[in-house]
Amino acid sequence: MTSVGADSPVDGIVATVSIVLSLLVAVWALVAAVRQRPPDRVQFVGLAVLEGALLVLAVLALVAVGGGDRPGEPGAFFGYLVTLVCLPPLAWVLARMEPTRWGSAIVCAVCLVTPVVVVRLQQTWEVLGG
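Position numbers for residues start from 1 in each chain and track the written sequence from start to end. This being a predicted model, a pLDDT of at least 70 is required before a residue's local features are given, and a value of 80 or more before pairs of side-chain atoms are given or counted; all residues contribute to the totals for chains, interfaces and linings. Hydrogen atoms and water are omitted, and side-chain values are computed over all heavy atoms in the structure.

**What to know about the packing of aromatic side chains**
Note on aromatic contacts: the rings of Phe and Tyr and the six-membered ring of Trp form a pair at centre separations within 6.5 Å, being stacked when their planes are under 30 degrees apart, edge-to-face when over 60 apart, and tilted otherwise. A complete count under the given rule lists three aromatic pairs for this structure. Considering the side-chain rings of F44 and W92, the 4.9 Å spacing of their centres and the 50 degrees angle between planes classify their relative orientation as tilted. Here F44 is found in helix α2 (residues 41–66), whereas its partner W92 is found in helix α3 (residues 74–97), with 48 residues between them in sequence. Here the term buried applies to any residue with accessible area under 20% of the maximum for its type, exposed to any over 50%, and partly exposed to those in between, with areas from a 1.4 Å probe on protein chains only. Taking relative accessible area as the criterion, W92 reaches 34% and is therefore assigned partly exposed. With a centroid separation of 5.3 Å and 85 degrees between ring planes, the pair formed by F77 and F78 is classed as edge-to-face. Note on F77: relative accessible area 0%, which makes it buried. An aromatic cluster of three or more residues is present, and its members are F77, F78 and W125. Lying over the aromatic face of F44, R96 brings its terminal NZ or CZ to 5.5 Å of the ring centre. The way it works is that DSSP assigns letters per residue, a run of H or I at least four long becomes a helix, a run of E at least two long becomes a strand, and they are numbered from the N terminus. In this analysis the charged atom, NZ for Lys or CZ for Arg, is taken to sit over a ring once it is within 6 Å of the ring centre and within 35 degrees of the ring normal.

**Section: α3**
Given a helix with a known number of residues, its expected span is that number minus one, times 1.5 Å. For α3, which comprises 24 residues, the first-to-last C-alpha distance of 34 Å matches the rise-based estimate of 34 Å (1.5 Å per residue) to within 8%. To obtain the bend at a residue, axes are fitted to the seven residues ending there and to the seven starting there, and the angle between these axes is taken. A maximum bend of about 35 degrees is found in α3 at L87, where proline P88 lies one to four positions downstream. Three or more residues of α3 are buried, namely F77, L81, L84, V85, L87, P88, A91 and A95. Contacts are assigned to residue pairs with any non-hydrogen atoms lying within 4.5 Å of each other. Where α3 is buried, its residues touch α2 and α4 (101–125).

**Here's the deal with helix α1 (residues 13–34)**
Here α1 spans 31 Å end to end across 22 residues, near enough to the 32 Å set by a 1.5 Å rise per residue. Every buried residue of α1 is accounted for by A15, S18, I19, L21, S22, V25, A26, A29, A32 and A33. Packing partners of the buried residues in α1 comprise α2 and α4. Where α1 terminates, the next one or two residues include Q36, which has phi positive at roughly 60 degrees.

**With respect to the environment of P89**
By the element assignment, P89 lies in helix α3. Put simply, P89 and P99 are 10 residues apart on the chain and 16 Å apart in space, counted from C-alpha to C-alpha.

**Notes on the environment of P71**
Relative to the helices and strands, P71 resides in the loop between α2 and α3. Take P71: its relative accessible area is 6%, and that puts it in the buried class. Here the alpha-carbon distance between P71 and T124, two residues 53 residues apart in the chain, equals 6.5 Å. Ignoring any residue separated from it by four or fewer positions in sequence, one finds P71 in contact with V65, F77, F78, T124 and W125.

**Quick notes on the environment of G103**
Checked against the element boundaries, G103 lands in helix α4. Put simply, G103 and V93 are 10 residues apart on the chain and 9.5 Å apart in space, counted from C-alpha to C-alpha.

**A few points about the packing of α2 against α4**
Packed helices, taken two at a time, are described by their axes: the angle between them and the distance between them. The convention used is that axes are lines fitted to C-alpha atoms, helices contributing only their stretch in contact, and that angles between N-to-C directions extend from 0 to 180 degrees. At a minimum axis distance of 12 Å, the contact between α2 and α4 shows a crossing angle of 15 degrees. Viewed along their axes, α2 and α4 adopt a mutual orientation that is roughly parallel. α4 is crossed by α2, and the crossing has left-handed handedness. Side by side, α2 and α4 meet where Q43, L47, L50, L54, L57, A64 and V65 of the first sit next to S104, V107, C111, T114, V118, L121 and W125 of the second. The nonpolar class holds Ala, Val, Leu, Ile, Met, Phe, Trp, Tyr, Cys and Pro. Asp, Glu, Lys and Arg form the charged class, and all remaining residues, Gly among them, are polar. The residue makeup of the contact of α2 with α4, split by class, is 11 nonpolar, three polar and no charged. The labels follow the angle: roughly parallel below 35 degrees, roughly antiparallel above 145, roughly perpendicular from 65 to 115, and oblique for the rest. Handedness of a helix crossing follows the sense of rotation of the near helix relative to the far helix, less than a right angle counterclockwise being left-handed and clockwise being right-handed.

If you want it as structure tokens, here you go:
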């Protein structure tokens, strides 16, 4: 059984904004892919803003760890944290390499994975009954 504590640095407004932003970019990219459009400026700007939000989330987590708080599963937590901040740049590079509708599909897929990783990050912060 997992639970996110009320004092978790990865649970709050920044995480919620990251999830919502990621889903909005995913919908935009999906519409572009269905319309057979390559990635556009809105997708790339969305990825950049998403990366900024994820970096803020990562800094909050690292400051909490530096302050003495510890995640329940440190190995998994730091693995998810590194993965999380690498996802938008990876989508950016792959979408730039594939300037077709499949580039938009890549952005959509990565933006659908990002909220899952944020939730897993939250779950690995505080593990109860493990």
